[in-house]
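Below, each chain spelled out in residue letters.
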Amino acid sequence: MSFNDLIIPLVLCGILIYGIYRGVDVFDVFLDGAKEGLGTAVNILPSLVALMTCVGMFKASGALDLLVRLFNPIAKYLLLPGEVVPLAILRPISGSGAMVIFNDILATYGPDSFIGRVASVMEGSSETTFYTIAVYYGAVKVSKTRHTLPASLTADLVGFVMSAVMVRLIFGT
Amino acid sequence: MMKWIFSGLIVASLVFGVGLGRMDAVSNAAITECGGAVKLAITLAGSMALWSGMMRIAQKAGITERLSRLFAPVVRVLFRGLPPESPAAQAMCLNISANLLGLGNAATPLGIAAMRQLDLLNRHSPEASNYMCMFVVLNTASLQVIPTTTALLRANAGSAAPMEIMPATWVASGASILSGILVAKLLEGRRGNTRQRRGRR
C-alpha cells in the first residue's frame with residue numbers, strides 16, 4: 001500500500017464526512033453535481049469526434065512520425081523526448097485535442113514508459129492557455145492583453161521542461 | 001484557430017498518405033477513429049460525473065470558502081494595492097480554490113465575476129490591467145491538486161500505478177506557475193492598475 005493508493009479513497013471519505021458534518025444532504029447534492037459532470041462529458045464529445053478523426057488520420061498517414069523526427073533536435077535541446085512535442089504544441093490550444101494526443105501516446109508507448117510518464121505529467125500540470133485567455137478577456141471585452149500571453153506561454157514551457165526533468169529524477173529514464 | 005488545425009491535419013494526412021503510400025491506413029482511420037471518440041467520452045463520463053458530484057458536496061459544505069480564506073495572503077502579495085476584502089479579491093480567492101479542487105465548472109463563472117470587478121477598477125478600458133494579466137496567468141496554469149482525468153486515462157491504458165505521477169505533476173505545475181508570475185511581474189512595468197489617462201489631450 002502506498003500513499004498513491006490512499007489518496008483517492010481518503011479524499012472521497014474526507015469530503016463525505018465533512019459534508020455530513022456540515023449538514024449537507026450528500027447523496028442528493030452528489031447526484032446534482034454528477035449530472036453536471038455527465039453534461040461536460042457529452043459537451044466535449046463532438047470535439048473529440050472531430051479531433052480523434054483528424055489526429056488518427058494524421059498519424060496513420062505517417063505525417064506524425066515525420067513531425068516528431070523534425071522536432072526531435074529542438075526537443076532534445078529542451079530535454080524533452082521528441083514524441084511528446086505534438087502534445088506540447090496542442091496543449092495550450094485545445095484541451096480535447098491534447099487529450100486525444102495524450103491518449104494516443106499512452107496507447108503507443110505505454111503509460112508506465114518514460115515517454116508515457118512525461119506526457120502524463122505534462123497533461124496533468126497544464127491548462128488550455130488560449131481558451132482561458134479568450135474566455136476571461138472576452139467576458140470583459142478586453143482586446144489588448146499586454147503581457148498575458150508571453151507570461152502564460154513561458155509558464156507552459158517551463159512546466160513541460162520540468163515534467164521531463166521530474167520524471168527523470170523520480171523514475172529515471 | 002481550431003478550424004485550421006482540423007482541416008490542416010486532414011489535408012496533410014491525404015498528402016502524406018498518398019506520398020508515403022499509406023492511403024489504406026488513412027482511410028481506415030477516418031472510418032474507425034470517430035467510434036474511438038465515443039468510447040473515450042464514455043470512459044471519461046463516469047469519472048467526470050463522480051468528481052463533479054464529490055466536488056459539489058465539497059462546495060456545498062463550504063470547503064471552497066474555507067480554502068479561499070487561506071489565499072488572502074497570496075492575493076495580497078500578487079495583487080499589491082488591492083484590498084483583500086474587495087469583491088475582486090474575494091472572487092479571485094474563490095476562483096483559485098475552485099481550481100485547486102478541480103472544479104472547472106465552478107471556477108470559470110467565479111473567474112469571470114472576478115474579471116468583471118477588475119474591469120470596473122480598470123474603468124472598462126480595452127487594455128488589460130496588471131491585476132487582470134496576473135489573474136489570467138494564474139488561470140492558464142494548472143492549479144489542480146488531483147489530476148483526475150489524467151489518472152483515469154492512465155488507468156484506462158493499463159498503468160500499474162496511475163496516480164504515481166502526482167508528485168511530479170505538483171512540482172511541474174509549481175515551477176510553471178512561479179515562472180508565469182515572475183514573467184508577469186517583470187513585464188508589467190511601472191504602469192498602475194487603475195488605468196492611467198495616457199494619450200489624453
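Q: Can you walk me through the overall build of chain A in this structure?
A: For chain A, the count of helices and strands is eight helices and zero strands. For chain A, the sequential pattern of α-helices and β-strands runs α-α-α-α-α-α-α-α. Judged by the C-alpha coordinates and their principal axes, chain A covers about 60 × 50 × 35 Å. Every one of the 173 residues in chain A was classed for burial, and the buried ones make up 51%.

Q: Would you explain the domain arrangement of chain A in this entry?
A: Interface size is commonly expressed as the accessible surface area that is lost when the partners come together. All names here are of chain A. By domain assignment, chain A separates into domain 1 (1-61) and domain 2 (62-173). When each unit is reduced to the centre of its C-alpha atoms, the spacing between domain 1 and domain 2 is 22 Å. Tallying the contact residues gives nine residues for domain 1 and eleven residues for domain 2. Here domain 1 meets domain 2 over a buried area of about 960 Å², counting both sides, of which 74% is carbon and sulfur. When the buried surface of domain 1 facing domain 2 is broken down by residue, Val55, Phe58 and Lys59 rank first, second and third, together holding 53% of it. Summed over the shared surface of domain 1 and domain 2, the number is one salt bridge. For the salt bridge of aspartate 104 with lysine 59, the shortest nitrogen-to-oxygen distance reads 3.4 Å. Looking at the side of domain 1 that touches domain 2, its residues break down into six nonpolar, two polar and one charged.

Q: What is the right way to look at unusual backbone geometry in this model?
A: Glycine aside, the phi torsion of most residues is negative, and most peptide linkages are trans. All names here are of chain A. With phi around 55°, lysine 141 is a residue other than glycine that occupies positive phi space. Tracing the backbone through its elements, the reader meets lysine 141 in the loop between α7 (129-139) and α8 (148-171). According to the relative accessible area criterion, lysine 141 is exposed, its value standing at 71%.

Q: Hey, could you run me through the pattern of salt bridges in this one?
A: Any two side chains of opposite charge can pair, so long as their charged atoms come close to each other. Under the counting rule described, the total for this entry stands at eight salt bridges over all chains. Its salt-bridge partner being glutamate 188 of chain B, residue lysine 185 of chain B comes within 3.7 Å of it at the nearest N-O pair. Residue classification places lysine 185 of chain B among the partly exposed positions, given a relative accessible area of 32%. Salt bridges sharing partners connect three or more residues here, namely Asp112 and Arg117 of chain A together with Arg154 and Glu164 of chain B.

Q: Looking at this structure, I do not really get the packing of aromatic side chains. What am I missing?
A: Each aromatic ring pair is specified by the distance between its two centres and by the angle formed by the two planes. Summed over the entire model, instances satisfying the criterion amount to three aromatic pairs over all chains. Judged by centre distance (5.9 Å) and plane angle (35°), the rings of tyrosine 136 of chain A and phenylalanine 135 of chain B are tilted. One end of the pair, tyrosine 136 of chain A, is in helix α7; the other, phenylalanine 135 of chain B, is in helix α7 (residues 130-140), on a second chain. Taking the relative accessible area as the measure of exposure, tyrosine 136 of chain A reaches 4% and is therefore buried. On the basis of relative accessible area, phenylalanine 135 of chain B is assigned to the buried category, the value being 0%. One Lys or Arg, arginine 117 of chain A, reaches over the ring of phenylalanine 171 of chain A and ends 4.1 Å from the middle of that ring.

Rules and cut-offs
- Residues numbered from 1 in each chain as written.
- Chains lettered and ligands numbered in written order.
- Predicted model: local features only at pLDDT ≥ 70, side-chain atom pairs only at ≥ 80, totals over all residues.
- Heavy atoms only, no water.
- Helix = DSSP H or I, 4+ residues; strand = E, 2+ residues; numbered from the N terminus.
- Buried < 20%, exposed > 50% of the residue type's maximum accessible area, 1.4 Å probe, protein only.
- Domains from an automatic or database assignment.
- Contact = heavy atoms within 4.5 Å.
- Buried area = accessible area lost by both parts, 1.4 Å probe.
- Salt bridge = Lys/Arg side-chain N within 4 Å of Asp/Glu carboxyl O.
- Nonpolar A, V, L, I, M, F, W, Y, C, P; charged D, E, K, R; others polar.
- Phe/Tyr/Trp six-rings, centres within 6.5 Å; stacked < 30°, edge-to-face > 60°.
- Lys NZ or Arg CZ within 6 Å of the ring centre and 35° of its normal.

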